[in-house]
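Observations on the three-dimensional arrangement
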Amino acid sequence: MTWNRKIYFLSMLMALLALFACGSADGDDGEKQKGMPPHYDLSKPERFTMPETLLEISGISFPKGRNDTVYAIQDEEGKLFRLAWGAKKQYHAKFAKGGDYEDVSIANNKVYILKSSGSIYVIDFGDAVYEEIDSTTEWKGLLPKGEYEGLFAEEATNKLYVLCKNCETDENKDFVTGYILQGGDSVYQTGSFTIDVQSIKPFTGKVKRGFRPSALTKNPITGEWFILSAVNKLLVITDGEWKVKGAYHLDGNMFNQPEGIAFDAEGNMYISNEGDDLSAGNILKFKRKEK
């Protein structure tokens, strides 16, 4: 074999190796770009279109993970809604006057509702069947001044977890602060935690306008935290200690304004979206699948 032919074959071999390496890298990046967290295909949901009363649905919850009935709130009226899955007929219980209500979570026979100001409303779950609730307790001043949208009540510990969307403590945008409260008849703060925004960037690139969480919940199968940001169109997953494990872009054509997230007992994931002049509010169900 001549020297020129050796050079030719060597260059071809190097080109093939480079192409193979590039293809493998593209495959990994492609999974990120598709926005597919482990066990969930975000491109194939089951869609539950909301009635007009829940056009601006802002939070959802399932008591003890039972998915036969969805409990929801919207961010204008002080009403707790309940719907059978897939049924348009809805019922509601009025718990307070109109206001900016952002999230709802149910645990240990209590319904917890978060107002954007950080106030938390507590209702006995058994009272949710009445049209008017006169036993609502409002807890004010538990959290620093700011704008709050994410609340999760944990059945096992009776703890409440609240994430700040826009607070003075987070002005440098390097982290987002959350607070832990004791749930029950008396609600009080017991601790805090932070999420490092810088650790989201390796998965998504620059986080524009800072990270602004709109909802959070805990996956009952893995114990991981799933956190939504409607502003950033992101789903962020952390471990139990709030260390970021992944971040996934949400397709704006499917996720109009993702404001609520919950799991059922089987680990299926539900994300609620506010509607607008062109589309109704909805809840998207993503069935858990094995790898």
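What comes next is a walk through the structure. From a predicted model like this one, the values you see are computed outputs, not experimental measurements.

Criteria and thresholds
- Residues numbered from 1 in each chain as written.
- Predicted model: local features only at pLDDT ≥ 70, side-chain atom pairs only at ≥ 80, totals over all residues.
- Heavy atoms only, no water.
- Core = buried A, V, L, I, M, F, W, Y, C linked by side-chain atoms within 4.5 Å.
- Buried < 20%, exposed > 50% of the residue type's maximum accessible area, 1.4 Å probe, protein only.
- Helix = DSSP H or I, 4+ residues; strand = E, 2+ residues; numbered from the N terminus.
- Contact = heavy atoms within 4.5 Å.
- Pairing = 2+ DSSP bridges.
- Axes fitted to C-alpha atoms, helices over the stretch in contact; angles between N-to-C directions.
- Disulfide = S-S within 2.5 Å.

1. Details of the nonpolar core
Core analysis: the biggest nonpolar cluster contains 19 residues, and Tyr 161, Ile 200, Phe 211, Leu 216, Ile 227, Val 236 and Trp 242 have the highest contact counts within it. Taken together, the elements giving at least two residues each to this core come down to strand 11 (159–167), strand 12 (175–182), strand 13 (188–196), strand 15 (225–229), strand 16 (234–238) and strand 17 (244–249). Setting aside residues no more than four positions away along its own chain, Leu 216 makes contact with Asp 103, Gly 150, Leu 151, Phe 152, Tyr 161, Leu 163, Trp 225, Phe 226, Ile 227, Trp 242 and Ile 261.

2. Points about the sheet that holds strand 16
Paired through backbone hydrogen bonds, the strands of a sheet run either parallel or antiparallel to each other. What the four strands build is an open sheet, ordered 14-15-16-17; its pairing is antiparallel. Taken across any chain shown, the strands that pair with only one partner, and hence form the sheet edges, are strand 14 (215–218) and strand 17. Averaged over neighbouring strand pairs, the angle between their axes works out to 15° when direction is ignored. In the sheet, strand 14 pairs with strand 15 via four bridges, with the strands oriented antiparallel. Directly across from Leu 216, in strand 15, lies its bridge partner Ile 227.

3. Comments concerning the side chain of Thr 204
Within the fold, Thr 204 resides in helix 2 (residues 201–204). Residue classification places Thr 204 among the buried residues on the basis of a relative accessible area of 16%. Not counting the four nearest positions on each side in its chain, Thr 204 is found in contact with Leu 234, Ala 247 and His 249.

4. Description of the state of the cysteines
The term disulfide refers to a covalent linkage connecting the sulfur atoms of a pair of cysteines. Taken as a whole, this structure holds one disulfide when the rule is applied. Between the sulfur atoms of Cys 164 and its disulfide partner Cys 167 the distance amounts to 1.5 Å. Classification of the bridge connecting Cys 164 and Cys 167 rests on its S-S torsion, roughly 95°, and on that basis the disulfide is right-handed. Look at Cys 164 and you get buried, because its relative accessible area is 1%. The exposure class of Cys 167 is buried, given its relative accessible area of 4%.

5. So, the sheet that holds strand 1 (residues 46–49)
Here we have four strands laid out as an open sheet, ordered 1-20-19-18, and antiparallel in their pairing. Of all strands in the sheet, those bounded by a partner on one side alone are strand 1 and strand 18 (258–263). Averaged over all neighbouring strand pairs, the angle between strand axes comes to 20°, with direction disregarded. Inspection of the sheet shows strand 19 (residues 269–273) paired to strand 20 (residues 282–286) by five bridges, in the antiparallel sense. Bridge pairing in strand 20 places Ile 271 opposite Leu 284.

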